[in-house]
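Results of the structural survey
Listed below, chain by chain, are the residues.
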Amino acid sequence: NLKCITHDLNRMICSWDATSSANLGLTYKICYTNSEPFSPVCIETEGKRADIPVTIGSTNIQITTLNASGTPLATETFVLPEENVSLIPLTPQILNLSADFSTYTLYLKWNDSGSVFQYELDASWQIQILHKETLETVALINYDSKLTGKDSILSWDWTSDIPLECTSYYVKIRCYINEPYFTGRKEWSEWSPIRTVPEKDTKPNSPMVFPQDKVVLVGSNVTFCCLYNEGESIKFMKYGSKSYPLLRLNKWSSAIKVQNVSASISSGTNVWCLLEPDGLEGTVLFVGYAPDTPQNLSCETHTFINITCSWKPGRATELYTQRQTKYILFERISKENVTCEVDELKPEHHCNFSVHANQKIYNFTLGASNPLGQAESSLLIDVTQRVHLETPDKFTVSTNSSTNAHLSWYIPGNFIQIRLLCQIEINNSNSEQQLQSVSMAGAENSNYRAWVDALHPYATYTFRVRCSASEHFWRWSEWSEGKKLTTLEA
Amino acid sequence: SSTSSSSSLSQQEVATKIKQTHRLTVLLKHCSEQLLAEYVRHQGEPFSSPDFQPPAMAVPGLPSPSVPPEAWLALSDGKRLWHLAAAYATLPGLLGSVRRQQAELNPLASELHRQLEAAARQCLGLAGNLEGIMGALELPGPPPPSSSLGGPPTSAFLAKLTGYHVCRLHRDWAMRSHEALGLLRTKYPL
């Protein structure tokens, strides 16, 4: 009953059964040759196994049983064709098993022992994940790799559909090597020693519900578990006001599966379990949407000191405060970005970006992100073509004649590089209205002046002024406050 | 609140102070009921369900008025005032913590935030009045209050649950203070 296996196609381990009754003190002499004309090599061993080189073709093996004094008791000769040798890879070893509880993901690392073979080979791996308590298989995954003649660390990850805190998992792996030219039997290796997630191999130290404060998309399916102490039992578990059938995971853990969750209220949907004798544990699920693409993105400058971008957030995400959408304004040319402070409760958001000396073109990308996703909008502007002046301030009107009026106003901002166009609205007491335009050089944080003629003597007028960029009109400023004036008598 | 020695407050002034404080407890009782109702409205089930009766939970620094009514009535005025003063020395800080947590969980619930803020102010006022009365009656005051709920809650559910217990205790203490001050008023008529 000779059986030979090899782990590396280099040497094989042959083992046999010996039928003689007196097993004590027996030794075995093994002599082997292969079909090549070499003289036999003989070795003696006490165990019923021997380590023999693997050779191409068949190997002639002679096994002689010797008693304690070395007298041969029996001899058996075998011709071992390669077909009768089994290639069984070495039992793999898991180097590391870690877990990211927030993403329910197990991370596995192991050594592929590629150096056992001096050339490239296809290898298949099976990774088995079991529930620790019930040893029920949760997942059996095939993973292929290439042995390269050197040892390589392989890594792989697996995401559970229930929180990792809910139950303990065992992980083990085995290997299969597909050596195309080996005509013997190719079998799976032994399973590796079992590994479990280090932090999770103990009973829960206090009752809890998982996942804690998770954020998910509307429509998701979510599994929750309630962990309780031994000696406690679970009465029921509810998602909001609805009770769900309990799935028992182990002695101290039961779960519920909730399908197609809808948007939660701002403080989240409660998931809770009532325990015997008198415990109440719970968690909160925040259900919302990923950010919408920022809408109506528009950027302009009021003072040539800052560029103010504004936009509408689009569909509400139903997520607030620490889960709200965060905005970052990135400018490609200067490679600068700004974190925008927004008030989530306002329908429109704003963000300021400094105007750079000698930079006219600004290539903005507004990124929106929340725990469920991200979106972005882009806009390219020439800042000199996006001037939206502040409302003219300190507006005064005066006259020292019966037909003229002098107007003065102040506009904050640095407009040295552009010309301004201002519109003067003149209303007389008969509610006749005139609009006069005047163009002037821009200045920095300056007062601007204009005068109006062809007025009627001893008449009362109301003046207002607004301004814009002259060359590339973008928007008028707001009107200044109105100022009344009565011209002198003729 | 002014701290004055007892001899300087006449019997009349003490009675007036007790009457004012009793009126404050009437307001507190009403507002605390409203606050609890407003609070549960924003936390979602099971908090908002009428038959929600969670197991009692210790709130750091705030004893529950667990003394049974008969035993409460059997206490001396001083002992009752001491218990009240101890509770109202802590409640403002706790209500402040709950308001901060609710600003995080329910940023849109401005009415809830307003009520929580008002409740903390009312408790501060009542604590001052109680201190005045106890000083006037030469009764030993309570220990210094603990500031708030300690560190941030470890989860949103725990924040909701803790807030629920604080609001409920606030209501329970308001009822007890109303009852105790009512008793005191009968002993110090105007």
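Residues numbered from 1 in each chain as written. Chains lettered and ligands numbered in written order. Predicted model: local features only at pLDDT ≥ 70, side-chain atom pairs only at ≥ 80, totals over all residues. Heavy atoms only, no water.

Helix and strand counts for chain A come out as zero helices and 39 strands. With the C-alpha coordinates of chain A rotated into their principal frame, the extents come out at 150 × 65 × 30 Å. Residues counted as buried form 46% of the 490 residues belonging to chain A. Intrachain contacts of chain A at a sequence separation of at least 6 include 64% that bridge at least 24 residues. (Helix = DSSP H or I, 4+ residues; strand = E, 2+ residues; numbered from the N terminus. Buried < 20%, exposed > 50% of the residue type's maximum accessible area, 1.4 Å probe, protein only. Contact = heavy atoms within 4.5 Å.)

Okay, the overall build of chain B next. When you go through chain B residue by residue, the secondary structure sums to five helices and zero strands. Counted from the first residue to the last, chain B has its helices and strands arranged as α-α-α-α-α. Taking all 190 residues of chain B together, the buried fraction comes to 49%. Of the charged side chains in chain B, 17 are positive and 14 negative, and the gap between their average positions amounts to 3 Å. (Lys, Arg positive; Asp, Glu negative; His and termini not counted. Charge placed at Lys NZ, Arg CZ, Asp CG, Glu CD.)

To continue, consider the packing of helix α4 (residues 110–136) of chain B against helix α5 (residues 156–187) of chain B. All names here are of chain B. Two elements in contact, α4 and α5, have axes separated by 12 Å at closest approach and are oriented at 35°. The chirality of how α4 crosses α5 is left-handed. Facing Leu116, Ala119, Cys123, Leu126, Leu130 and Ile133 of α4, the residues of α5 in contact are Cys167, His170, Ser177, Leu181 and Leu184. Grouping the amino acids of the contact of α4 with α5 by side-chain chemistry returns nine nonpolar, two polar and no charged. (Axes fitted to C-alpha atoms, helices over the stretch in contact; angles between N-to-C directions. Left-handed = near helix turned anticlockwise from the far one by under 90°. Nonpolar A, V, L, I, M, F, W, Y, C, P; charged D, E, K, R; others polar.)

Residue and element names in this part refer to chain A. On the surface, Ile333, Ile361 and Leu380 cluster together to form a nonpolar patch covering roughly 270 Å² of accessible area. Relative to the assigned elements, isoleucine 361 resides in strand β31 (residues 361–370). Residue classification places isoleucine 361 among the partly exposed residues on the basis of a relative accessible area of 37%. (Patch = residues over 30% accessible without salt bridge, like charges linked within 9 Å, V, L, I, M, F, W, Y side chains within 5 Å. Areas by Shrake-Rupley, 256 points an atom, 1.4 Å probe, with all protein chains shown as cover. Salt bridge = Lys/Arg side-chain N within 4 Å of Asp/Glu carboxyl O.)

Opposite the 20 residues of chain B that make contact, chain A presents 24 residues. Taken together, the two surfaces of chain B and chain A that pack against each other cover about 1600 Å², and 63% of this comes from carbon and sulfur. Counting across the interface, chain B meets chain A through zero salt bridges. Where the side of chain B that touches chain A is concerned, the elements lending two or more residues are α3 (77–105) and α5 of chain B. Here the side of chain B that touches chain A takes four residues from α5(B), the largest share from any one element. (Buried area = accessible area lost by both parts, 1.4 Å probe.)

One pass over the full model with this rule turns up 16 salt bridges over all chains. Where A:Arg464 meets A:Glu425, a salt bridge forms, and the shortest distance between an N and an O atom there is 2.9 Å. In this pair, A:Arg464 is assigned in strand β38 (residues 460–469) and A:Glu425 in strand β35 (residues 419–428), connecting sequence segments 39 residues apart. Take A:Arg464: its relative accessible area is 26%, and that puts it in the partly exposed class. The closest approach of N and O atoms between B:Arg114 and B:Glu111, which form a salt bridge, is 2.8 Å.

Attention now goes to the side chain of A:Ser192. Assignment of secondary structure puts A:Ser192 in the loop between β15 (185–186) and β16 (195–196). Leaving out residues up to four positions away in the same chain, A:Ser192 has contacts with A:Thr91, A:Pro92, A:Ile94, A:Lys172 and A:Ile173.

Okay, α3(B) next. Counted at 1.5 Å a residue, the expected span for α3(B) with its 29 residues is 42 Å, and the 41 Å between its end C-alpha atoms agrees. The largest bend in α3(B) amounts to roughly 30° and is located at B:Leu91, with the proline B:Pro92 lying one to four residues further along. (Expected span 1.5 Å × (residues − 1). Bend = angle between axes of the 7 residues up to and from the residue.)

The subject of this paragraph is the state of the cysteines. The final tally for this structure, using the stated rule, is seven disulfides over all chains. The disulfide bridge from A:Cys422 ends at A:Cys467, spanning 2.1 Å between sulfur atoms. Its S-S torsion of about 105° marks the bond between A:Cys422 and A:Cys467 as right-handed, since a negative value means left-handed. On the criterion of sequence distance, the pair formed by A:Cys422 in strand β35 and A:Cys467 in strand β38 is long-range, its members being 45 residues apart. In this structure A:Cys422 comes out as buried when scored by relative accessible area, which is 0%. No disulfide involves B:Cys123; its sulfur sits 10 Å from the nearest other cysteine sulfur, which is in B:Cys31. The exposure class of B:Cys123 is buried, given its relative accessible area of 0%. (Disulfide = S-S within 2.5 Å.)

A separate point is the sheet that holds strand β30 (residues 349–354) of chain A. Residue and element names in this part refer to chain A. Strand order in the open sheet formed by three strands is β26-β27-β30, and the pairing between neighbours is antiparallel. What marks the edges here is a single partner per strand, and that holds for β26 (295–301) and β30. Ignoring which end each strand starts from, the neighbouring axes of this sheet average 20° apart. When β26 meets strand β27 (residues 306–312), the two strands line up antiparallel, connected through five bridges. From the neighbouring strand, glutamate 300 faces β27, where its bridge partner is threonine 308. (Pairing = 2+ DSSP bridges.)

Before going further, it helps to spend a moment on the environment of A:Glu187. Residue and element names in this part refer to chain A. Note that glutamate 187 resides in the loop between β15 and β16. Judged by its relative accessible area of 28%, glutamate 187 falls in the partly exposed class. Sequence-wise, glutamate 187 and serine 86 are 101 residues apart; in three dimensions their C-alpha atoms are separated by 6.8 Å. When neighbours within four sequence positions are excluded, glutamate 187 is seen to be in contact with Ser86, Leu87, Ile88, Pro89, Cys175 and Tyr176. A distance of 3.1 Å separates a polar atom in the side chain of glutamate 187 from a polar atom in the side chain of serine 86. (Polar contact = N/O pair within 3.5 Å; in protein donor to acceptor, adjacent residues only side chain to side chain.)

Turning to the pairing of strand β7 (residues 72–80) of chain A, a few remarks are in order. Residue and element names in this part refer to chain A. For strand β6 (residues 59–66) and β7, the ladder comprises eight bridges, and the chain directions are antiparallel. Counterpart to glutamine 62 in the pairing with β7 is threonine 77. Hairpin connection from β6 to β7: five residues lie between these consecutive antiparallel strands, with glycine 70 at a positive phi of about 90°.

Right, let's talk about the packing of aromatic side chains for a bit. By the definition in use, this model includes 20 aromatic pairs over all chains. Centroid distance A:Phe304 to A:Phe415: 6.0 Å. Interplanar angle 75°. Geometry classified as edge-to-face. With A:Phe304 in the loop between β26 and β27 and A:Phe415 in the loop between β34 (405–414) and β35, the pair connects residues that are 111 residues apart, well separated along the chain. Note on accessibility: A:Phe304 and A:Phe415 belong to one class, buried. With centroids separated by 6.1 Å and ring planes inclined at 40°, the aromatic side chains of A:Tyr461 and A:Phe463 adopt a geometry described as tilted. Owing to a relative accessible area of 3%, A:Tyr461 belongs among the buried residues under this scheme. Every member of this aromatic cluster is reached through a ring pair, and the members are B:Phe47, B:Phe52, B:Phe157 and B:Tyr164. Of note, A:Lys238 hangs over the ring of A:Phe236, and the distance from its end group to the ring centre comes to 5.1 Å. (Phe/Tyr/Trp six-rings, centres within 6.5 Å; stacked < 30°, edge-to-face > 60°. Lys NZ or Arg CZ within 6 Å of the ring centre and 35° of its normal.)

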